[in-house]
Amino acid sequence: MSVSYSDVEAAAERIAGVVHRTPVMTSRRIDDQAGAQIFLKCENLQRAGAFKIRGAYNTLARLDGAQRRAGVVAYSSGNHSQAVALAASILGMSATIVMPHDTPASKLAATQGYGAHVVHYDRYTEDRAAIAQALAVEKGLTVVPPFDDPSVIAGQGTAAKELLEDVDGLDAVFAPLGGGGLLAGTALSVRALAPAARVYGVEPEAGDDGAQSFRSGEIVTIAAPRTIADGAQTTALGGHTFPIIASLVTDVLTATDAELIDSMRLLAGSAKLVVEPTGALGLAAALRLAQGELAGRRIGVVLSGGNVDLDRYASFIGRG
Ligand SMILES: *Cc1c(COP(=O)(O)O)cnc(C)c1O
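Residues numbered from 1 in each chain as written. Predicted model: local features only at pLDDT ≥ 70, side-chain atom pairs only at ≥ 80, totals over all residues. Heavy atoms only, no water.

Notes on the packing of helix H9 (residues 181-193) against helix H11 (residues 241-248)
Put simply, the rule is: Every axis in this analysis is a line fitted to C-alpha atoms, fitted for helices over the stretch in contact. Angles between the N-to-C directions lie between 0 and 180 degrees. Numbering of helices and strands runs from the N terminus, with a helix taken as a DSSP run of H or I at least four residues long and a strand as a DSSP run of E at least two residues long. Here the angle decides the label: under 35 degrees means roughly parallel, over 145 means roughly antiparallel, 65 to 115 means roughly perpendicular, and every other value means oblique. In this scheme, a crossing is called left-handed if the near helix is turned counterclockwise away from the far one by less than a right angle; it is called right-handed if the turn is clockwise. By definition in these notes, contact holds between two residues if any of their heavy atoms fall within 4.5 Å. Basically, the charged four are Asp, Glu, Lys and Arg, the nonpolar ten are Ala, Val, Leu, Ile, Met, Phe, Trp, Tyr, Cys and Pro, and anything else, Gly included, counts as polar.
Running from amino to carboxyl end, H9 crosses H11 at an angle of 45°, the nearest separation of the two axes being 9 Å. When the axes of H9 and H11 are compared, the pair comes out oblique. The crossing of H9 and H11 is left-handed. From H9, Gly181, Leu183, Ala184, Ala187, Leu188 and Arg191 reach across to H11, where they touch Thr241, Ile244, Ile245 and Leu248. Here the residues of the contact of H9 with H11 sort into seven nonpolar, two polar and one charged.

Structure (structure tokens):
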């Protein structure tokens, strides 16, 4: 494996004082409904609204002087771009973000608000990775990958490290799964700090490449899935994330869009937490297992982010 728990510890030192140590929240109403004790690690309250600043800052802080002067490039319409833009601005570096032409105005504004330079591309005709690579070569920029990178994985692992330091005796930890940076880092921390605890990754039912890969023992690639969980619309795990997940994770589970909406409503109503659809994946699966094998247990859940357009959020929460 290309990353170990000592890398997570080093990342924790690098991000200290810059990235929030987010609260772990509990709710009597959620526990009553779940039939288990649920501990919510609130990365929806993190800087830039998601855990991604952990990996982004850890990666940028490790660059050498020449790399820092040249700046970085990332491609994503989502939380990773905002995290790279914020981390670069904190470190006084320039960031270029490759985003589709039809990126929602709020995400474009957030990214530009952190001082990043945005390059647009056409998502139907152009390859964003190729555009980023070309910029990297032309201008000497360093590409910051969204999940498949040892420094990114180590940074993402700091969220579960904090959770396990703050809560004793957890029987299981649930984390959302897209490309696997968060889950791989989470698994490294759980195996080091609570070796007997189970670790579950949870992905959208429509995009179960992670479950297929976990079961078959090799990386399975799927078509881009249709789901409200836009932070987990990845098509394959990575060469760094997959081996860690395959060897350290208990199982990979899925959740339907309807279950995500139920979980978002529960979080809003009972804990007063605004969580984006992808951020609710872990809770959705935890509630299901609490009806069976995890009944009455102590369960940690990473709420991975809270960046959701308010009109869209209202349409989810307003239903039912
Ligand atoms: C990126 C993201 C994920 C998935 O993380 P991976 O490291 O790609 O598995 C989950 N939730 C939110 C809110 C995200 O932004």
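Further notes follow.
Some details on the packing of aromatic side chains
Operational definition: Aromatic contacts are taken between Phe, Tyr and Trp rings whose centres are within 6.5 Å, Trp giving its six-membered ring; a plane angle under 30 degrees counts as stacked, one over 60 as edge-to-face, and the others as tilted. Working definition: with a 1.4 Å probe on protein chains only, accessible area under 20% of the residue-type maximum means buried, over 50% means exposed, and in between means partly exposed.
Counted by the stated rule, this structure contains one aromatic pair. On the numbers, 4.7 Å between centres and 25° between planes, the contact of Phe174 with Tyr200 is stacked. Highlighted residues: Phe174 in strand S7 (residues 172-176) and Tyr200 in strand S8 (residues 198-204), separated in sequence by 26 residues. Looking at Tyr200, the relative accessible area reads 3%, which means it is buried.

Points about the pattern of salt bridges
Definition in use: For this document, the term salt bridge refers to a Lys or Arg side-chain nitrogen within 4 Å of an Asp or Glu carboxyl oxygen.
According to the stated counting rule, one finds 12 salt bridges in the structure shown. The partner of Arg21 in a salt bridge is Asp166, with the nearest N and O atoms 2.9 Å apart. Placement of the pair is Arg21 in the loop between helix H1 (5-15) and strand S1 (24-25) and Asp166 in helix H8 (residues 150-166), with a sequence separation of 145 residues. Arg21 sits in the partly exposed class, given a relative accessible area of 46%. Residue classification places Asp166 among the partly exposed residues on the basis of a relative accessible area of 43%. The salt bridge partner of Glu162 is Lys41, with a shortest N-O separation of 2.7 Å. With Glu162 in helix H8 and Lys41 in strand S2 (residues 37-42), this pair connects stretches of sequence that are 121 residues apart. We note that Glu162, like Lys41, is buried. The network of salt bridges with shared partners includes Arg21, Lys161, Glu165 and Asp166.

Notes on the sheet that holds strand S3 (residues 72-75)
Which entries qualify depends on this criterion: What makes two strands pair is DSSP finding at least two bridges between them.
A sheet is described by the order of its strands in space; here four strands give the open sequence S5-S4-S3-S6, paired in parallel fashion. Bordering the open sheet on either side are strand S5 (117-121) and strand S6 (142-143), each of which pairs with just one other strand. For S3 and strand S4 (residues 95-100), the ladder comprises four bridges, and the chain directions are parallel. For Ala74, the partnering residue across the bridge sits in S4 and is Ile97.

Structural notes on the site of the ligand
So the rule is basically this: To be near a molecule or strand, a residue needs just one of its heavy atoms within 4 Å of it. Pairing of N or O atoms within 3.5 Å defines a polar contact, subject to two protein rules: one partner must be a possible hydrogen donor and the other a possible acceptor, and residues neighboring in sequence count only if both atoms are side-chain atoms. The Shrake-Rupley method, run with a 1.4 Å probe, gives the accessible areas here. Residue values count only the displayed protein chains as cover.
For the ligand, the set of nearby residues contains 16 residues, the closest of which are Lys52, Asn79, Gly178, Gly180 and Ser304. Between the ligand and Gly181 there is a distance of 2.9 Å, counted from an oxygen atom to a backbone nitrogen or oxygen. In the environment of the ligand, a nitrogen atom lies 2.7 Å from a nitrogen or oxygen atom belonging to the side chain of Ser304. A total of 380 Å² of accessible area belongs to the ligand in isolation, and the protein chains cover 97% of it. Grouping the amino acids of the shell around the ligand by side-chain chemistry returns five nonpolar, nine polar and two charged.

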